[in-house]
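Topology and contacts: notes
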Amino acid sequence: MKNEAYRAKNWLNRNYNLSRQLEADQRMLEIMRNRLGSGVARYESDGSESHDPDRAKARHDDALLEYSLQMEKVEKEAKRLTEEDLKTRKAISELSDPTHRAVAVDRYINRLKWDKVAALEHRSVAQVFRDHKDMLEKMAEVLRSGKYD
């Protein structure tokens, strides 16, 4: 793989880690949501001496605040990923070969594994790898324009 094609591959892959982080943060948000929804805050005494309704309410309020902060983080990450994916999609749209565009979208926007890309394109994995190599060389030309720095 030529240096420019390798740089094009890295540019196309730049959102992968952001996508994985967003997915992990979304899972954390779901766990927090389930914790908030699974228990009903007990503000009245259940008869035990150790129950403190003020502490229970404070813990619940802290959990709500933590959930709110996590939600804000997820929303910012999702917005950033969407913006970067749009930029990537715009660059991919400049490729003239429809197979190259399809492979690039499935791999770098939809983030599919190679066997899934091959199945969707009705090609062997080896052929998809060859298409990918050719696509990266064409993408290097697109990126050379400087529009996507």
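Only a predicted model underlies this, so the values are computations on that prediction, with no experimental measurement involved.

What counts, and where the lines are drawn
Residues numbered from 1 in each chain as written. Predicted model: local features only at pLDDT ≥ 70, side-chain atom pairs only at ≥ 80, totals over all residues. Heavy atoms only, no water. Helix = DSSP H or I, 4+ residues; strand = E, 2+ residues; numbered from the N terminus. Buried < 20%, exposed > 50% of the residue type's maximum accessible area, 1.4 Å probe, protein only. Contact = heavy atoms within 4.5 Å. Areas by Shrake-Rupley, 256 points an atom, 1.4 Å probe, with all protein chains shown as cover. Core = buried A, V, L, I, M, F, W, Y, C linked by side-chain atoms within 4.5 Å. Axes fitted to C-alpha atoms, helices over the stretch in contact; angles between N-to-C directions. Parallel < 35°, antiparallel > 145°, perpendicular 65-115°, else oblique. Nonpolar A, V, L, I, M, F, W, Y, C, P; charged D, E, K, R; others polar. Phe/Tyr/Trp six-rings, centres within 6.5 Å; stacked < 30°, edge-to-face > 60°. Lys NZ or Arg CZ within 6 Å of the ring centre and 35° of its normal. Lys, Arg positive; Asp, Glu negative; His and termini not counted. Salt bridge = Lys/Arg side-chain N within 4 Å of Asp/Glu carboxyl O.

Quick look at the overall build of the chain
Each helix and strand counted, the chain has 6 helices and 0 strands in total. When burial is assessed residue by residue, the chain has 30% of its 149 residues classed as buried. For the chain, restricting intrachain contacts to residue pairs at least 6 apart in sequence, the fraction spanning at least 24 positions comes to 67%. Summed over its atoms, the accessible surface of the chain is roughly 10100 Å², and 49% of this surface lies on carbon and sulfur atoms.

Let's talk about the environment of Val105
Here Val105 shows up in helix H4 (residues 98-109). Linking Val105 and Leu12, residues 93 residues apart in sequence, is a C-alpha distance of 9.8 Å. The residues contacting Val105, other than those within four sequence positions of it, are Arg89, Ile92 and Asn110.

Some thoughts on the nonpolar core
In terms of nonpolar packing, the biggest core is built from 18 residues, with Leu12, Ile92, Leu95, Met135 and Met139 touching the most fellow members. Broken down by secondary-structure element, the contributors of at least two residues to this core are helix H1 (3-13), helix H3 (53-92), H4 and helix H6 (125-144). Of all the elements, H6 adds the most residues to this core, at 6 residues. Setting aside its immediate chain neighbours within four residues, Ile92 contacts Leu12, Arg101, Ala104, Val105, Ile109 and Met139. Counting residues in each nonpolar core, the second largest holds 8 residues, with Leu18, Met32, Leu36 and Val74 among its members.

A look at the packing of H1 against H6
Each packed pair of helices is defined by two parameters, the angle between the axes and the distance between the axes. H6 packs onto H1 with a crossing angle of 85° between their chain directions and a minimal axis gap of 8 Å. As summarised for this structure, H1 and H6 are arranged roughly perpendicular, according to the angle between their axes. Of the residues in H6, those touching H1 at Glu4, Ala5, Ala8, Lys9, Trp11 and Leu12 are His132, Met135, Leu136, Glu137, Met139, Ala140, Leu143 and Arg144. Residues belonging to the contact of H1 with H6 are distributed by class as follows: 9 nonpolar, 1 polar and 4 charged.

Some thoughts on the packing of aromatic side chains
Taken as a whole, this structure holds 2 aromatic pairs when the rule is applied. Measuring from ring centre to ring centre gives 5.3 Å for Trp114 and Phe129, while their planes differ by 75°; the resulting arrangement is edge-to-face. Remark: Phe129 occurs in helix H6 and Trp114 occurs in helix H5 (residues 114-121); sequence separation between them is 15 residues. The class for Phe129 is partly exposed, based on a relative accessible area of 40%. When the ring centre of Trp11 is taken as origin, the NZ or CZ atom of Arg14, which lies over that ring, is 3.9 Å away.

Some remarks on the side chain of Asp106
As for its position among the elements, Asp106 is in helix H4. Comment: no salt bridge for buried Asp106; closest opposite-charge side chain is Arg89, at 7.7 Å. The contacts of Asp106, once residues within four sequence positions are left out, are Arg111, Leu112, Val117, Leu120 and Glu121.

Side note on unusual backbone geometry
A positive phi angle, near 55°, is found at Arg111, a position not held by glycine. Residue placement: Arg111 occurs in the loop between H4 and H5. Unlike most non-glycine residues, His122 shows phi in positive territory, near 55°. Considering the arrangement of structural elements, one finds His122 in the loop between H5 and H6. Since its relative accessible area comes to 73%, His122 is described here as exposed.

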